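Understanding the architecture of this molecule
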Amino acid sequence: MKTHIELYNSSKMPIIGYGMWQCENAEELEAALDYALDAGYRHFDTAYEYSNEAIFGKVLKKWFESGKVKREDLFIVTKLPVQGVHHDRVEKFLNIELKDLQLDYVDLYLIHIPATLKTTENGTDVAFGDDGNVILDLTTTLEQVWKAMEAQVYAGRTKSIGISNFNISQVERIVKSANILPANHQIEVNVSYPNRYLREVCTKHGITVCGYAPLGSPGRPSYYEPNIPKDALLQVQLKIQNLLKDPVVVEISKKYSKTSAQILLRFLTQQDIIVIPKSVSQARIKENIDIFNFELGTDDMGRLDSLAVNDEGGWGIDWISFYPGLEKHPEFTLV
């Protein structure tokens, strides 16, 4: 059974990573990262937007100094924030992130979203107008930004570069203009939202896929509650299925004597989809990586595949709720 996925440049990306979205409490995250490293995780996924890179950097420094793990043993992913998606800002933001992570390089640097916002005078914070909406920045193109991403590889600040939340046409544009192809595309993928068409395009171009929300992100509605109007929250709660309690998933989990989470993760990894489940529970952290001692049969894979809904992709509410007005950017897309 595959434990790693090989990127086009021969780098090997562990098929299961530890995701860090919704992890801003320093004490809680430090403990969770210790659990994850002890449990054998070697792929870690963070982002500027998550506001936890400095916490992660502190933990990494501790583990490196202890001799328990070496830098070359780890595969570390982070992302260029929306206000950094500009050809003049890529290097600046990556340097900020490397400083917080206390690293000389990352293994994979992703463009977090294909849209650009203006910054305030400090050059790092997102600028908002008097109407409460973000201020769009239309002074760059995705192709120009990609050239700046390639420069980070040449400079040794990242080994590989990739994209996140790009639609099919944007993927094709990057491939057409690239000297260095995207090594990975991070998008929402789970049994209810398979993103098949987008995955097919990535496969055609040799771009690996990493699925976020592989368990359906059951904590997403509660995370949004303080931030979005009640009517919008209701729509999120109605649309997001609790995949962990789905009758088909539960039935299959009993058949294999595994948890629902393990079934959902195995379903994706068996299709060579990299997954980055998030948890701060020691038991669930260990459980999520313990999926290499069984394989789902063809019939069970088919039953899980049938849980896909008609829509392709995720909700988009992730971005619009925190950056009102972003949906007006011509490159903004819901995938």
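Let us look at the structure shown here. Predicted model only: the values in this text are computed from it and were never measured.

1. Digging into the layout of surface pockets
Estimates place the volume of the second largest pocket at around 200 Å³. Around the second largest pocket sit Ile-5, Arg-199, Cys-202, Thr-203, Gly-206, Ile-207, Thr-208, Val-209, Gln-271, Asp-272 and Ile-273, which together line it. When contributions to the lining of the second largest pocket are tallied by element, the ones reaching two or more residues are helix H6 (196–204) and strand S9 (208–212). Looking at the lining of the second largest pocket, the element that brings in the most residues is H6, giving three residues. Class assignment for the residues of the lining of the second largest pocket results in five nonpolar, four polar and two charged.

2. A few points about the environment of Ser-11
Here Ser-11 is to be found in the loop between strand S1 (4–6) and strand S2 (12–14). On a C-alpha basis, the gap between Ser-11 and Asp-107 in space is 8.6 Å, while along the polypeptide they are 96 residues apart. Sequence-distant contacts of Ser-11, defined by excluding residues within four places in its chain, comprise Ile-5, Glu-6 and Ser-160.

3. Here we look at helix H3 (residues 90–101)
Since the α-helix packs 3.6 residues into each turn, any two residues three or four apart lie on the same face. If you check H3, its first and last C-alpha atoms are 16 Å apart, about what twelve residues at 1.5 Å a residue would give, namely 16 Å. When H3 is considered as a whole, its buried residues turn out to be Val-90, Phe-93, Leu-94, Glu-97, Leu-98 and Leu-101. Projected down its long axis, H3 shows its buried positions confined to an angular sector of 140°, all on one face. Buried residues belonging to H3 abut helix H2 (53–66), strand S5 (75–80), strand S6 (106–111) and helix H4 (142–154).

4. Structural notes on empty space enclosed by the protein
Empty space left among the atoms is revealed by rolling a probe the size of a water molecule over them. What the rule picks out here adds up to two cavities of 30 Å³ or more. Computed from the structure, the second largest cavity encloses a volume of approximately 30 Å³. What lines the second largest cavity is simply Val-189, Asn-190, Pro-194, Arg-199, Phe-267, Leu-268, Gln-271 and Asp-305. Here the lining of the second largest cavity is composed, by residue class, of four nonpolar, two polar and two charged.

5. Some words on the packing of aromatic side chains
Tallied over the full model, the rule gives six aromatic pairs. Put simply, the rings of Tyr-18, Tyr-41, Phe-44 and Phe-56 pair up and form one aromatic cluster. The ring centre of Trp-63 lies 5.1 Å from the NZ or CZ of Lys-68, which sits over that ring.

6. What about the pattern of salt bridges?
Here the structure, examined in full by the defined rule, presents 15 salt bridges. For Asp-34, the salt bridge goes to Lys-62, with nearest N and O atoms at 2.9 Å. Of this pair, Asp-34 sits in helix H1 (residues 26–39) while Lys-62 is found in helix H2, placing the two residues 28 residues apart along the sequence. Here Lys-62 falls in the partly exposed class, since its relative accessible area comes to 40%. In the salt-bridge network here, residues are joined through shared partners; they are Glu-143, Arg-173 and Glu-331.

7. A word on the packing of H4 against helix H5 (residues 168–177)
Packing of H4 against H5 leaves a shortest axis separation of 10 Å and a crossing angle of 55°. By the angle between their directions, the pair H4 and H5 is classed as oblique. Once H4 is placed against H5, the crossing between them reads as right-handed. In contact with Leu-142, Glu-143, Trp-146 and Lys-147 of H4, H5 contributes Gln-170, Arg-173, Ile-174 and Ser-177. Residue classes in the contact of H4 with H5 are distributed as three nonpolar, two polar and three charged.

8. As for the nonpolar core
In this structure, Tyr-18, Phe-44, Leu-80, Tyr-109, Met-149, Leu-296 and Leu-304 are the most contacted members of the largest nonpolar core, which totals 89 residues. For this core, the element with the most residues is helix H10 (residues 260–269), which contributes six residues. Counting ten residues, the second-largest nonpolar core is a separate cluster that includes Val-126, Trp-319, Tyr-323 and Phe-332.

9. Examining the environment of Ser-260
Of note, Ser-260 is situated in helix H10. Classification of Ser-260 by relative accessible area gives buried; the value is 13%. It is 9.6 Å that separates the C-alpha atoms of Ser-260 and Val-248, two residues lying twelve residues apart in sequence. Ignoring sequence-local partners within four residues, the contact set of Ser-260 consists of Leu-244, Val-249, Val-250 and Ser-253.

What counts as what
Residues numbered from 1 in each chain as written. Predicted model: local features only at pLDDT ≥ 70, side-chain atom pairs only at ≥ 80, totals over all residues. Heavy atoms only, no water. 1 Å grid on protein atoms, 1.4 Å probe; cavity = no way out; pocket = protein on both sides within 12 Å on 5 of 7 lines; lining within 4 Å. Points joined across faces, edges and corners; volume = space filled by probe spheres on them. Helix = DSSP H or I, 4+ residues; strand = E, 2+ residues; numbered from the N terminus. Nonpolar A, V, L, I, M, F, W, Y, C, P; charged D, E, K, R; others polar. Contact = heavy atoms within 4.5 Å. Expected span 1.5 Å × (residues − 1). Buried < 20%, exposed > 50% of the residue type's maximum accessible area, 1.4 Å probe, protein only. Arc of directions from axis to C-beta. Phe/Tyr/Trp six-rings, centres within 6.5 Å; stacked < 30°, edge-to-face > 60°. Lys NZ or Arg CZ within 6 Å of the ring centre and 35° of its normal. Salt bridge = Lys/Arg side-chain N within 4 Å of Asp/Glu carboxyl O. Axes fitted to C-alpha atoms, helices over the stretch in contact; angles between N-to-C directions. Parallel < 35°, antiparallel > 145°, perpendicular 65-115°, else oblique. Left-handed = near helix turned anticlockwise from the far one by under 90°. Core = buried A, V, L, I, M, F, W, Y, C linked by side-chain atoms within 4.5 Å.

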